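Residue strings, one per chain:
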Amino acid sequence: MKGVLYVAQLNQLELQNLRHLIGAHETAYQKLQMYAQQADDPQIRQMFQKSAQDAQKAKQQLMSLLS
């Protein structure tokens, strides 16, 4: 399949970087969710929620490279 990476093709550094990116997106998701919960302004809340969803989606896409 074009554009699909397989774990066997990743070297140790690439795998470490991928795990780091996954962790960073999870951290961003958690923080943005917390910010959304604390926001009083509905537009700001929605912005944080959308950004959290985007971070979660990016994390899932990165994780799919590991399967």
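Owing to the predicted nature of the structure, the values given are computational and were not obtained by experimental measurement. (Residues numbered from 1 in each chain as written. Predicted model: local features only at pLDDT ≥ 70, side-chain atom pairs only at ≥ 80, totals over all residues. Heavy atoms only, no water.)

Asks: What am I meant to see in the pattern of salt bridges here?
Replies: Taken as a whole, this structure holds two salt bridges when the rule is applied. As a salt-bridge pair, E26 and K59 come within 2.8 Å of each other at their nearest N and O atoms. Taken together, the residues E26 in helix α1 (residues 12-38) and K59 in helix α2 (residues 42-64) connect sequence positions 33 residues apart. Judged by relative accessible area, which is 23%, E26 ranks as partly exposed. In this structure, K50 engages D54 in a salt bridge whose closest nitrogen and oxygen atoms are separated by 2.8 Å. (Salt bridge = Lys/Arg side-chain N within 4 Å of Asp/Glu carboxyl O. Helix = DSSP H or I, 4+ residues; strand = E, 2+ residues; numbered from the N terminus. Buried < 20%, exposed > 50% of the residue type's maximum accessible area, 1.4 Å probe, protein only.)

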